[in-house]
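Tertiary structure, described
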Amino acid sequence: MTSTNDTLNTVNELTSKNVERLTSLGELNVRMFEKMSARQMDAMSLYMEHAMRVMKLATESKGYNEFFKGQVEATKELSERVLAEGKTSMQAVTEVRDDYRTWMEKSLADVSADLRKSVPAA
């Protein structure tokens, strides 16, 4: 039979470990947010560069044909860069998914081990 002190020690230990798990989840969330925010900023800067390029074309083109050709070229380049950014973003999402999966598997294994230790054998 376990004593009250043993039970309280077990509860305290489990609580401490759960706080550690939740803290690590919070840290993982912050890293994920930073990574995804950086991806969004990179995408926005692409569009800003494109807008600036088109504005420059509009003010410096000698005629409509030159402006149109410049727009086509700028849009083609933007499309290629957006595609590359999309691939990079998908890679980042895959990494985030893997990080969450790893955290979850480790946490479940730890909880399972803790519960096995804390429940007396029948």
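Residues numbered from 1 in each chain as written. Predicted model: local features only at pLDDT ≥ 70, side-chain atom pairs only at ≥ 80, totals over all residues. Heavy atoms only, no water.

This brings us to the overall build of the protein. In terms of helices and strands, the protein carries 2 helices and 0 strands. Relative to the compact-globule value of 14 Å for 122 residues, the protein shows a C-alpha radius of gyration of 27 Å, a clear excess of over 25%. Long-range pairs, those at least 24 residues apart, make up 81% of the contacts in the protein between residues at least 6 apart in sequence. Working note: accessible area of the protein is about 9500 Å², and carbon and sulfur atoms make up 62% of it. Mean positive and mean negative side-chain charge positions of the protein (17 and 19 charges, respectively) differ by 4 Å. (Helix = DSSP H or I, 4+ residues; strand = E, 2+ residues; numbered from the N terminus. Rg over C-alpha atoms; globule rule 2.2 N^0.38 Å. Contact = heavy atoms within 4.5 Å. Areas by Shrake-Rupley, 256 points an atom, 1.4 Å probe, with all protein chains shown as cover. Lys, Arg positive; Asp, Glu negative; His and termini not counted. Charge placed at Lys NZ, Arg CZ, Asp CG, Glu CD.)

Before going further, it helps to examine the UniProt feature "domain: Phasin" (unreviewed entry) in the protein. Taking the UniProt record as the reference, the feature "domain: Phasin" (unreviewed entry) is found at residues 10–106. Between the C-alpha atoms that bound residues 10–106 the distance is 20 Å, and the span itself is 97% helix and 0% strand. (UniProt positions renumbered as here; feature names shortened; annotations may be inferred.)

In this section: the pattern of salt bridges. Opposite charge on two side chains permits pairing when their charged atoms draw close. Counted under the stated rule, the structure contains 14 salt bridges. Notably, a salt bridge pairs Arg97 with Asp98, separated by 3.0 Å at the nearest N-O pair. Exposure remark for Arg97: the relative accessible area of 43% places this residue in the partly exposed category. For Asp98, a relative accessible area of 30% puts it in the partly exposed group. Its salt-bridge partner being Asp98, residue Arg101 comes within 3.9 Å of it at the nearest N-O pair. Placement of the pair is Arg101 and Asp98 together in helix H2 (residues 64–118), with a separation of 3 residues, close to one helical turn. Judged by its relative accessible area of 43%, Arg101 falls in the partly exposed class. (Salt bridge = Lys/Arg side-chain N within 4 Å of Asp/Glu carboxyl O. Buried < 20%, exposed > 50% of the residue type's maximum accessible area, 1.4 Å probe, protein only.)

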